[in-house]
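The chain contents come next:
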Amino acid sequence: MTTEAKTDLTEVDLTAESLRISELFYSLQGEARDSGLPTVFVRLTGCPLRCTYCDSEYAFYGGERMTLADILQKVQSYPARHVCVTGGEPLAQPNCLPLLTALCDAGYQVSLETSGAMPVDAVDPRVSKVVDLKTPASGEQSRNRVENIPLLGPDDQVKFVICDRGDYDWARFTLDQYRLTERVGEVLFSPSYEQLNPRQLAEWILEDGLPVRMQIQLHKLLWGDVPGV
């Protein structure tokens, strides 16, 4: 992030600027590097993508408008020190950027779950970006913003949601093409919920000896496919 961008964000009036929030809740992180850790989730409304396997379509519309100050106050009412800003596509709302910075300034460990279809160059460098590269079966492969990849570093993560063998082969090729394991801290392969048998994905990874972390959505194992947990 440039110095100019940092200055602009620090001058944002948290009591005046706002975001549309689909839900804000406290649970266990179910995915990525921090899986299992108590986390506050801030789910922003809206998304320009329509992935075939989307599990948060309820966040496309509606939501409640909250000031950045109110969001921060609500987050602080929970005991967790980890915050995940997610969607929808959180970066579709410009005020996501000052929210991320405000959360970092408040001492939280912050992760951002993004589709990778939006620029990430202005995201606060203290934030761990979890970039979901869209596979062919998602229906949104063309939306992948590959120019984001060189901007990722050791504290960032790349996720592939795998629907079938074609997705797996594409993800394996992309892994090598961009040397992702050398660039980011974690590369995550996740079976699409109730679409690909997790055991099948595990066997493919083991057969090929891929240096990736397989993940299963912990929150769905514990509570099912329901919002707000």
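For clarity, every value in this text was computed on a predicted model and none was experimentally measured.

J.: Give a description of the sheet that holds strand β7 (residues 157–162) that names residues and reports values.
T.: Across the sheet, nine strands lie side by side as β3-β1-β2-β4-β5-β6-β7-β8-β9; this open sheet has mixed pairing. Looking along the sheet, the strands with just one partner apiece sit at the ends: β3 (64–67) and β9 (213–214). Judged from the seven bridges that link them, strand β1 (residues 18–28) and strand β2 (residues 38–44) form a sheet pairing that is antiparallel. In the strand pairing of β2, L24 is matched with V42. Contacts from helix α4 (residues 165–177) reach β7 and β8 (186–191) within the one sheet, and its direction differs from that of β7 by about 160 degrees.

J.: Describe the packing of α4 against helix α6 (residues 198–208), with residues and values.
T.: For any two helices packed against each other, one specifies the inter-axial angle together with the distance between the axes. Following both chains from N to C, one finds α4 and α6 inclined at 35 degrees, their axes separated by 11 Å at the closest point. Where α4 crosses over α6, the two elements pack in a sense that is right-handed. Contact residues: α4 offers R165, Y168 and R172, while α6 offers L201, W204, I205 and D208.

J.: So what's going on with the packing of aromatic side chains? Which residues, and what values?
T.: Tallying each qualifying case throughout the model produces seven aromatic pairs. With a centroid separation of 5.5 Å and 20 degrees between ring planes, the pair formed by Y26 and Y78 is classed as stacked. Here Y26, found in strand β1, pairs with Y78, found in the loop between α2 (68–76) and β4 (82–86); they are 52 residues apart in sequence, far enough to count as distant. Taking relative accessible area as the criterion, Y26 reaches 37% and is therefore assigned partly exposed. Consider the rings of Y168 and W204, whose centres lie 5.3 Å apart with planes at 40 degrees: the pair is tilted. One end of the pair, Y168, is in helix α4; the other, W204, is in helix α6, with 36 residues separating them in the sequence. Each member of the pair Y168 and W204 is classed as buried. Among the aromatic residues, those joined into a ring-pair cluster are F160, Y168, W170, F189 and W204. The ring of F60 carries R50 above its face, with NZ or CZ at 3.8 Å from the centroid. Positioned above the aromatic ring of Y108, the side-chain terminus of R81 is 4.1 Å from the ring centre.

Rules used throughout
Residues numbered from 1 in each chain as written. Predicted model: local features only at pLDDT ≥ 70, side-chain atom pairs only at ≥ 80, totals over all residues. Heavy atoms only, no water. Pairing = 2+ DSSP bridges. Helix = DSSP H or I, 4+ residues; strand = E, 2+ residues; numbered from the N terminus. Contact = heavy atoms within 4.5 Å. Axes fitted to C-alpha atoms, helices over the stretch in contact; angles between N-to-C directions. Left-handed = near helix turned anticlockwise from the far one by under 90°. Phe/Tyr/Trp six-rings, centres within 6.5 Å; stacked < 30°, edge-to-face > 60°. Buried < 20%, exposed > 50% of the residue type's maximum accessible area, 1.4 Å probe, protein only. Lys NZ or Arg CZ within 6 Å of the ring centre and 35° of its normal.

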